[in-house]
Amino acid sequence: MSLNPVGGNALAGTAVGSAHEAPAVVLGGGESGELPTRSATRLDFLEDELTSPDDLFADVARDPKTGSVRVSSPKGTREWSASALSDHGMPVVAERAYRNAARRMAGTDPACQLPWTLLAGIGRVESDHGRYGGSTLGRDGVSHPLIIGVQLNGAGPVAAIPDSDNGKLDKDKVWDRAVGPMQFIPTTWATAGRDGDGDGVASPNDIDDATLAAAGYLCSGSGSVLSEAGMAAALLRYNPSDSYVALVMAFERGYRTGSFVMPAPVEPETSQGARSGRGKAGARGNSKTSPAKPKPSRGPSGGPSATPDPRPAPEPKPPATPKPTPKPPKPTPKPTPKPPKPPKPPKSTEPVLDSVSGTFQACGSRWCLDGSPLDLGPPSQLSAGAAADFDGNGTVGSNSEEFAGLRQVTLLVERVGAGQVVYAIGGENYRFADGSFA
C-alpha cells in the first residue's frame, strides 16, 4: 500500500479534473505512445459481449450493427469496438470486470465476502465506469482516450508526488498522475497491480486489471466487508473520507437494489471548489435503473466524480446583533499656534557716513581731499548755485566758487570703492540721504 496523498485516496491520490475542466487524456497511437496491446485469448470466465447499440455514444459516429465507435480529431480518426450497456446502465465490460473481480476474491479470500456492487460503486465515483471526460470504455476494457489525471504537483489540495515511473503509465516525466478507470497512481500500482484478464499484462488503464487490484486493496483488512460497518471500514482504507464512503455505499446499494438515494455530503467544499468534478462523462445519464442526470458535484475520492450532490439549502444565518454606534471621538484640540516671528526690519537705505578732515584742493578736473578723489556730482552740479556758504567768505556763489575758497575742511562722506561721496561740507548739507542735492 502507498502513502495516502493529501486530498485524494490511496489509489488515486487526486482528481483528474475540476468541475470546469476536462481531464488530461492521452490518445494511444499518437506522440504519447501506443495503447497497451490486448491478447486474443482471455480467461475462460469472461462472458461473451453484447452487441446491442450503446446509447452512451450518441454524440460520436457508431455502427449500430457492430457497436464500433469512430472518433475524429486533429490527430486523425480512430475506431474501436465499444462495450454495450448492461441492465445496470454501465458498460457490459465494466460490470463483467466487477463481477469477475468479486468472484476471484471469493476464491482467494472468502472471508472478505466482497460484493461486486461495491466495486461498481467505486468505479462509478472514480470514473463513471471508465467514461469520465467523454471517454468510452472499449471492448478491450480500456478507455478511449485514456483517463489520466492532473499533475500531482502540490498545487491546491493535491499531493506533491514527483515522477516515479519515468512517465511509463501517466505519460508525465515530471510529476505522477492518477491513471485509469479506478484512478491508481504509479507508486501504488507498482505494488497493488494485478492482471485481471489473463492477457499477461497488468495495466491500470484496463478495467479488468484495475478492478481486481482494487478488490485486493479493499480486502487487505481483516474480516468481511459485507456488513455496513465492514464496508465502511474497507472504503476508508481506500479513501479516508466520510463523504466518499457515503457516496460509494449509496451507489452500491443502488446497483444491488435498483433504488438510488444519494446522501447529502458531510464534508464542506474546499476553498478551490470541487476537488475532482466530473466533466463530460459524469454529465451523461445512465439506463432506466440509474439515477436521473445529476448536476456536477464534488467527488471526494480524488478520482473523477459522476455523482449527484443534492445538498440541502443551508439555513439562513440569524441576523447579527447590531453593534452600538460608537460615540464619535472627541476632537483633538488644535495646538495653540505659535506667534509669528516679527518681520525683519527692512534693510536701511541710509548711507553709512564717515567724518573725514583734510585739505580740500583741485586735482585735475576734479576736487580731492588730501589727494583722494571726491564725488561731488555731475559737472552740471558744480555750476549750480551752492546750498550754503561753504568757504565762509560771507557770500554764496556757485558750488565751484565755494570749492575754490575751501582749504582745511571736515566732510561727511560715504566710502564707495576708492572714492568718497560727499554728503556734507563743514556741517552744511550738500547732498541728501536719497542722493539728491541740497
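Residues numbered from 1 in each chain as written. Predicted model: local features only at pLDDT ≥ 70, side-chain atom pairs only at ≥ 80, totals over all residues. Heavy atoms only, no water.

Enquirer: Mind laying out the nonpolar core, listing which residues take part and the relevant values?
Expert: Counting 48 residues, the largest nonpolar core has L114, L218 and L235 as the members making the most contacts within it. Those elements that provide at least two residues to this core are α1 (92-108), α2 (116-127), α3 (186-192), α4 (207-218), α5 (228-238) and α6 (242-257). Discounting residues that sit within four places of it in the chain, L235 has contacts with L118, I122, L218, V245, V248 and M249. Core analysis: the next-biggest nonpolar cluster, separate from the first, contains 18 residues, W367, L376, F390 and V422 among them. (Core = buried A, V, L, I, M, F, W, Y, C linked by side-chain atoms within 4.5 Å. Buried < 20%, exposed > 50% of the residue type's maximum accessible area, 1.4 Å probe, protein only. Helix = DSSP H or I, 4+ residues; strand = E, 2+ residues; numbered from the N terminus. Contact = heavy atoms within 4.5 Å.)

Enquirer: Report on the packing of α2 against α5, specifying residues and quantitative values.
Expert: In the contact formed by α2 and α5, the axes pass within 12 Å of each other and the chain directions differ by 40°. Considered as vectors, α2 and α5 are oriented oblique to each other. Here the hand of the crossing between α2 and α5 comes out right-handed. Seen from α2, the contacting residues are L118, I122 and E126; seen from α5, they are M231, L235 and Y238. Looking at side-chain class alone, the contact of α2 with α5 contains five nonpolar, no polar and one charged residues. (Axes fitted to C-alpha atoms, helices over the stretch in contact; angles between N-to-C directions. Parallel < 35°, antiparallel > 145°, perpendicular 65-115°, else oblique. Left-handed = near helix turned anticlockwise from the far one by under 90°. Nonpolar A, V, L, I, M, F, W, Y, C, P; charged D, E, K, R; others polar.)

Enquirer: Go over the pairing of strand β8 (residues 354-363) with me, naming the residues and quoting the values.
Expert: Relative to strand β11 (residues 408-416), β8 runs antiparallel, the two being bridged by six bridges. Pairing of S355 across the sheet is with L412, part of β11. Counting the residues in the hairpin turn of β8 and strand β9 (residues 366-369) gives two residues, including G364, whose phi is positive at 75°. (Pairing = 2+ DSSP bridges.)

Enquirer: Lay out the packing of aromatic side chains in plain terms, naming residues and giving numbers.
Expert: For the structure on display, the rule yields 11 aromatic pairs. Among the aromatic side chains, those forming a connected cluster through ring pairs are F360, W367, F390, F403, Y430 and F437. The ring of Y423 carries R431 above its face, with NZ or CZ at 5.7 Å from the centroid. (Phe/Tyr/Trp six-rings, centres within 6.5 Å; stacked < 30°, edge-to-face > 60°. Lys NZ or Arg CZ within 6 Å of the ring centre and 35° of its normal.)

Enquirer: Can you lay out the pattern of salt bridges for me, pointing to particular residues and giving the numbers?
Expert: Tallied over the full model, the rule gives seven salt bridges. For R177, the salt bridge goes to D172, with nearest N and O atoms at 2.8 Å. Each member of the pair, R177 as well as D172, is classed as buried. The shortest N-O distance in the salt bridge between R256 and E252 comes to 2.9 Å. One end of the pair is R256 and the other is E252, both in helix α6 and four residues apart, which spans about a single turn. You can call R256 exposed: its relative accessible area is 51%. (Salt bridge = Lys/Arg side-chain N within 4 Å of Asp/Glu carboxyl O.)

Enquirer: So, the environment of A213: which residues are in play, and what are the values?
Expert: Relative to the elements of secondary structure, A213 occurs in helix α4. For A213, a relative accessible area of 2% translates into the label buried. A C-alpha to C-alpha distance of 8.2 Å links A213 and D195, two positions 18 residues apart in sequence. In contact with A213, not counting residues within four places along its chain, are F184, W189, A192, G193 and R194.

Enquirer: Lay out the pairing of strand β12 (residues 419-425) in plain terms, naming residues and giving numbers.
Expert: Buried residues dominate β12, accounting for six of its seven residues. Summarising the sheet, strand β10 (residues 372-375) and β12 pair through two bridges and their orientation is parallel. Looking at β12, one finds that D375 is bridged to V421. Pairing between β11 and β12: six bridges, direction antiparallel. When the bridges of β12 are listed, L412 appears paired with A424. Between the end of β11 and the start of β12, which pair antiparallel, lie two residues, with G417 showing a positive phi angle near 60°. In this structure, the hairpin formed by β12 and strand β13 (residues 428-429) is closed by a connection of two residues, where G426 is found at a positive phi of approximately 60°.

These figures come from the coordinates and say nothing about function on their own.
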